[in-house]
Amino acid sequence: MSGDASAQMEEVRRRSQSLLSSSGLAQDVKAEVQTMAGVLLPLSQKYRLLGAETMLRENTACSNTLEVLESLSRLVKALSILEKYGCNLTSPARPRYWRSVKHNNPVFRSTVDAVKGGRAVLFLYGYTSQQADGLSFPDDVSQPDAAHVAAVTLEVMTLRTEVDMLVKGTHPHPENFRDVVPFLVPPEELEVVGVPSGDQQPGDEPCVPSPPSPPPQTPPPPQASGGEPLRPSTVGDCSLCGAAPSLVCSSCDSRAFCDACDDLFHRHPSRDQHKRDQLQQQQQPPPGICTICGTSAVQAQCSTCSQKLCDNCDQLFHSHPDRRGHSRSLLAAPKTSSPSLSPWQCARCTTVNPTRAVLCATCERPRLAAAQEAPPPVPSSPNAEWRCRSCTVVNQGSSILCEVCERPRLATRPPAAPLPTSPGAPGESGEKWMCQFCTYVNTSPAVVCEMCNLGGSPPASLQQTPPAAKDPAASPPRPQPKARVDVEVKRQKMMRDDGLRLVQQIREAEKRGVSAEEVYAAIGVCGASNTSPCDWLTSELPHLLDEICAMAASVQVERDGEGAEPSAPVVKGDGAKLSRAEAKLAWLSAGGDTNKAVTQLLRDRQVKMKELRSLGFREASRCEEALRLSGGEVKGALSLLQRPLLEPFHQRIWTDQPEPPIDPQDPDKQRTCRRLLALYELPSWGRCELVLSLLQEPGVTFSLEDVVQAVKESHDKDFIKRLLVNECPCCLSAFPRSKMQSLTSCQCSVCHECFRLHFTIAVRDKHIRDMVCPVCSEPDINDPQQLDSYFSTLDIQLRNCLQPDEYELFHKKLTEHALMKDPKFLWCCHCTSGFINDGDQLKVTCPSCRRSFCAQCKKPWEAQHQDLSCEQFQQWKRDNDPEYQRQGLAGFLRDNSITCPSCRFQYALTKGGCMHFSCSQCRYQFCSGCNNPYHKTVCKAAQCSCPGLHAHHPRDCLFYLRDWEPPRLQALLQRSSVDFNTDPSDGSQSEACCVMEQKDEKTESPCGLHTQPGQAGLCEKHYKEYLVSLINAHSLDPAPLYEPSEVIRACERYLVDTQKVGDEDEDFFLARLLKKLMEVPLGEKVPRNK
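Residues numbered from 1 in each chain as written. Predicted model: local features only at pLDDT ≥ 70, side-chain atom pairs only at ≥ 80, totals over all residues. Heavy atoms only, no water.

Here we look at helix α34 (residues 1044-1053)
Within the span of α34, buried status applies to Val1047, Ala1050 and Cys1051. Along the axis of α34, the buried positions cluster into a sector of 100°, meaning they face one direction only. The inward-facing, buried residues of α34 contact α35 (1066-1079). Immediately beyond the C-terminal end of α34, within one or two residues, lies Leu1055, with a positive phi of roughly 60°. (Buried < 20%, exposed > 50% of the residue type's maximum accessible area, 1.4 Å probe, protein only. Helix = DSSP H or I, 4+ residues; strand = E, 2+ residues; numbered from the N terminus. Arc of directions from axis to C-beta. Contact = heavy atoms within 4.5 Å.)

Structure follows, in C-alpha cells:
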C-alpha cells in the first residue's frame, strides 16, 4: 500500500507542479493539493524540500491542547502568506517588486515572522541575499526558478491544508502527527471517561469514547474486599463500553468493568496491581446479544473465556497475543426482521459501510445481496495485457495461463477455503487463512493479508478452530506426530520471501536514483549471482548496451510490411549509428532480454527515421548522426538537423551592424508590420497598420516610439491623436502623454524636462515647502496631513528624476522639516539654526553659535533670569533695566512680537502693517494678529466660498480692531478697568516712531512715522497695536462696543441667524443678536501675553 501511495503522490505532485509553474494560480491546483494532503505517507516522504516535521515541532512546543491549537492556527495563516509569495513568483505576471521581501511589512511581521521556520521557506524560494531591511534574490539571478518554486509552493499548500484539517478535526490520518504535534487528540476522543484515583499519575487512564449505553441495570450491591457493601452509585453499566459489569475496582473510585474492558484497562503497568471485586448476581445481556458491545448479534462463542461475541468484537478482543489461541465456534445468526445496528460488510467488495447505509459505498450493491462475481471484462485486443483475477498479476497478452498461480485467463476468483491442518502439530496451533485476492496463506489472525495488504475475508479463526486445550495437570502430554510438509505453504512462503526481497531491492535502488524497471531487468540478467542489481547496473550495463548496439549494427531487419508505404526505406544494421540511450530504452522494454532488445532497437530506429523522412530530411547518414547525438529523441534530432538551415538567419540576427530603422513609407507594408510585431510587441496586426497610418499622415512630427506607445493604450484613432498632442504649460511645447508627468495633488501635467528643472531649482535654492506644482502651486502647505502624504509620494517621483546630489539634499531638508514637529525642537534667538533640546532647564545653549537663551520666552539669557519665571523676569526688566525703560512701549511691542505657530520661530518685529505673515523658516502663512492660517483656495471651513487668499479672523483679532480709533480702544480698556499708557516712558515726545519692523526688502528698520500726542510716543498704527495687545492679554470682548451694523455683520460672519422674530423691537432685536454673538468664543490662537 505504501508503494501505491507513493506512486499516487508522485503522479499528483508532477501534474500539479506543471500546472502551478505555468499559471501561478493556487485555484488551479486546489483539488490536487487536497488529494496530496489525504495521502497516507510519512512526513519525510511527503515533504522532500520543506522541513515539515521540524516546523511543526518548533511551533507546537506548548504545554496544553489550547496552546497547540492556537499555534497551529498561526501556522496556517503564515503558510497562507508564504503560499501567496510562491504563487506570485510562479505567476507569468509577477509583481513589480518581486525580488525582495521587507521585514517591516506589518503583515509579514504578524504572520511569517510570528512562526518558526517562515524565513527558511523564503530561503527555499530563492530569497537568499540578506539585506538591511529584509531578504532578496541575489543580484546575479534575473528570474526565479519556476519549477523549484512551484515544488516548494505545493508542499507549503499541502502542509497548510493538513494543518488546517488538524485544527478543524477533519484530517483522515491524524495518527501521522501524534509523535510530532503534542496533545493531538482526535475530536471523537476528547471526552475522557473516568477520574484517576489518588495513586495514579495524570495521563495514566486512556481517553475512551463513551458509546451509547444500554438501559441501566441495577444489580445487588456487591461486597468489597473488606466485607462492606459497595456504594450503590458505583454499580451500573461498564464505565468503558457500557455492557453489563462483572467486577468493581475500589482503587479506581469503585468503577464497574466487564471482563473484557477490565483486562484491557488494568493491563497498564500503573494499574495492574489494583484490587478488584466480583459482582454478585450480575445480569447477563439478553440472549443473542454480544457481551462486549451489547448492541450487535452474537456470531461466535468462546469456550475459553465464556464470551458470546459479534464479529467485530471477536476480531478486536481475540487479537491480543494472550487470547489468540482461544477456542471459538461459529453461531448461526438469529433471524430478525430488522438489520443489525452495527456497521455491515459488503459480501462482494468487503467494504465496511455505516449502519444506516442501504447500498454499498464502493460497488453500490444492496446490503443483503450475495457475493456474486462480476463477469470478467472482455479484453479489447488479444495481445493486450491482462490481470489475473486470482493473484492480480499482470500477464502478457499472448499467455493463456497465469505465470504465478497457473490459473486460466478467464477463470474467476477461487473461494477462500480453509486449509486442513493437523490438530496437534507443533507450531501450527494458530489460525490459518487464505487470502481471497492473492491466495497467500496467512498464519497470523490479522485483518489484512501480509502479502497484498488487502482484506475482507472472514476471520479464519472462526472457520478453523483448534480443539480446546486441556488442563496439563489433568492428563500427561502425549507425543504429537510430526507435521507434514505442505508443498503449497512452502510455495507461498517462497513467493512471499521473493516479493519482500524485490521490494527491498527496489527501495535501495530508489535511494541511488535507479528506477524499478531497471532493477527488474537487471535481476533477470544477474539473478543467479550474488551481485547487487544496482552494482551490476553501474559496472556491467554500459558494456551490455555497447554489445546491443554492436549486434544491432550487424543485423539486418527488414521493414514491417503492415501499413508501410512503398517508398519507405529499409533500415539496415550495417553501419547504423546507435546510442546507448536508445539501447537502454529497448533493453528495458524487452525486460532484460538481449535478443529482443536488439530487435526492438532497430524497429524503434526505423520508426524515427520514417518520421524524420516525412519532415523533409532525406539524407539517412545525417539523420542517423542526429539521432545518435540526441540519444534517440526525435525532437532533439530535429533541432540538430534544423540548425544548419537557420545559420544564415542567426548570422543576420547576431551581426554587429545596426538594425536598419523602420521606414513607414516602405512599400512592403507586410514586412514593416512584421518588424513592428517583432520589435515592439504590438497586440495585433491591426494595431501595426494603425501605427503606419498615423505615421503616413502629412505633417506628422511624432516619433515611431511615441506612436507605438499610444497605440498600445487605445485603438481609437482620434483618442490616440489627443494622446500624442499635449501642451506643456511651462514651456508651451507639444509632447505625447507618455512624456508628460503630473503630481498626485493636482491634475496638471508638465513635460519631463520642466518637471526636473522645477524641482531641481526648488531643492537647491528654495524652501522645502516651495516644492509644489509649478502650474497651480498645489497642495496647500498649511494643511499638515495633506503635506505629509504629498511628500511621501513626491519622494517616489523624484527618486528617478533628480541627480543624486539634489536627491540627497531633498532628503536632508525633508528630515529638518520632520524635526521641526518635535515638541523639543527649538530655534535659536541669536542665529537661524534649530536643534533638539533634551533638557528640562530654562537656560539652553545653541550648539551652532554657543550663545544662551531662555527655552520658554525665547529671550537672550541674563543672569537675573536665574530662579525667576519668565513673567517675573519681564517685570524685573520693566522696573530695573534702564535700556528697557528707555525703549518704552517699543520694547513692549518687541517682547510681544510675532511667533510662528508652526515652527515656533520668534521674530523681533511688531505686528503692524500687513497681517499676512510668511515664516522664513517653514513657509507657514498665517495672520500675525490671531495666528490663524491663510488659505490660497477654498478652505474646509463651513460654508466658505472665498476662492482666493483669505483667513478666518476672530472678532478680537488685530485684523478687525486696527480699524477702530484709539479713543474707542481706550474706552474698551477703561470699561474693564485696564490701565494703559498715553505718555512716553522717558517723558520726552519724539517726532518719529522708533518701533522696529520688517520692510519689503526683508530688512529690519525703525517705523519712522510721525507720532501724535497722547499716544505714548508711538505712531497711530503701533499705538493701536499696543492697545489691542492689552485687550488680547485680558481677553476682552469688543462686541459690547459694536455699532448696530457691526453687530449684524459679525453675526453674518459667524452664521448667526439675523432674522427678526415677528414685530420685534429694534433695540430688543440688537440685544438678542449681541447676546448670541457673545456666545461665540474668542480666538483660540490669539496671543495673550501679559
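Some words on the sheet that holds strand β4 (residues 247-249)
What holds strands together in a sheet is hydrogen bonding between their backbones, with the strands either parallel or antiparallel. Pairing is antiparallel in the open sheet, where 3 strands are placed in the order β5-β4-β6. Taken across any chain shown, the strands that pair with only one partner, and hence form the sheet edges, are β5 (255-257) and β6 (276-278). Between one strand axis and the next, the sheet turns through 30° on average, direction left out of account. Bridge count between β4 and β6: 3 bridges; the pairing is antiparallel. Looking at β6, one finds that Cys249 is bridged to Arg276. (Pairing = 2+ DSSP bridges. Axes fitted to C-alpha atoms, helices over the stretch in contact; angles between N-to-C directions.)

A short note on the pattern of salt bridges
Using the criterion set out here, one finds 33 salt bridges in the structure. With its nearest N and O atoms 3.4 Å apart, the salt bridge here joins Glu697 to Lys721. Remark: Lys721 occurs in helix α24 (residues 717-724) and Glu697 occurs in the loop between α22 (685-695) and α23 (704-713); sequence separation between them is 24 residues. Among the charged side chains, a salt-bridge network with shared partners connects Glu10, Arg13, Arg48 and Glu155. (Salt bridge = Lys/Arg side-chain N within 4 Å of Asp/Glu carboxyl O.)

Notes on the side chain of Arg955
Within the fold, Arg955 resides in the loop between β27 (925-927) and α31 (958-961). Reaching out from Arg955, the side chain makes a polar contact with the side chain of Asp1037 at a distance of 2.9 Å. (Polar contact = N/O pair within 3.5 Å; in protein donor to acceptor, adjacent residues only side chain to side chain.)

A look at unusual backbone geometry
Following Glu778, the chain continues into Pro779 via a peptide bond in cis, with omega recorded as 5°. On the secondary structure map, Pro779 appears in the loop between α25 (752-765) and α26 (784-799). Here the phi dihedral of Leu1055 falls at roughly 60°; this positive angle occurs in a residue that is not glycine. Turning to its location among the elements, Leu1055 is positioned in the loop between α34 and α35. Assessed through its relative accessible area of 54%, Leu1055 is described here as exposed.

A look at the packing of α23 against α24
α24 packs onto α23 with a crossing angle of 130° between their chain directions and a minimal axis gap of 9 Å. Taken together, α23 and α24 sit at an angle that is classed as oblique. For the pair α23 and α24, the crossing hand works out as right-handed. Judged by residue contacts, Asp706, Val707, Ala710, Val711 and Glu713 of α23 engage Ile720, Leu723 and Leu724 from α24. A class-by-class count of the residues in the contact of α23 with α24 yields 6 nonpolar, no polar and 2 charged. (Parallel < 35°, antiparallel > 145°, perpendicular 65-115°, else oblique. Left-handed = near helix turned anticlockwise from the far one by under 90°. Nonpolar A, V, L, I, M, F, W, Y, C, P; charged D, E, K, R; others polar.)

As for the environment of Val700
Within the fold, Val700 resides in the loop between α22 and α23. Its relative accessible area of 26% is what places Val700 among the partly exposed residues. Excluding its chain neighbours within four sequence positions, the residues that come into contact with Val700 are Leu694 and Leu695.

So, the sheet that holds strand β9 (residues 328-330)
Ordered by their spatial adjacency, 3 strands build an open sheet running β8-β7-β9, and the pairing between neighbours is antiparallel. The sheet terminates laterally at β8 (307-309) and β9, the two strands that pair on one side only. Across the sheet, the mean angle from the axis of one strand to that of its neighbour is 20°, orientation sign disregarded. Relative to β8, strand β7 (residues 300-302) runs antiparallel, the two sharing 3 bridges. By the bridge assignment for β8, Ala300 is matched with Leu309.

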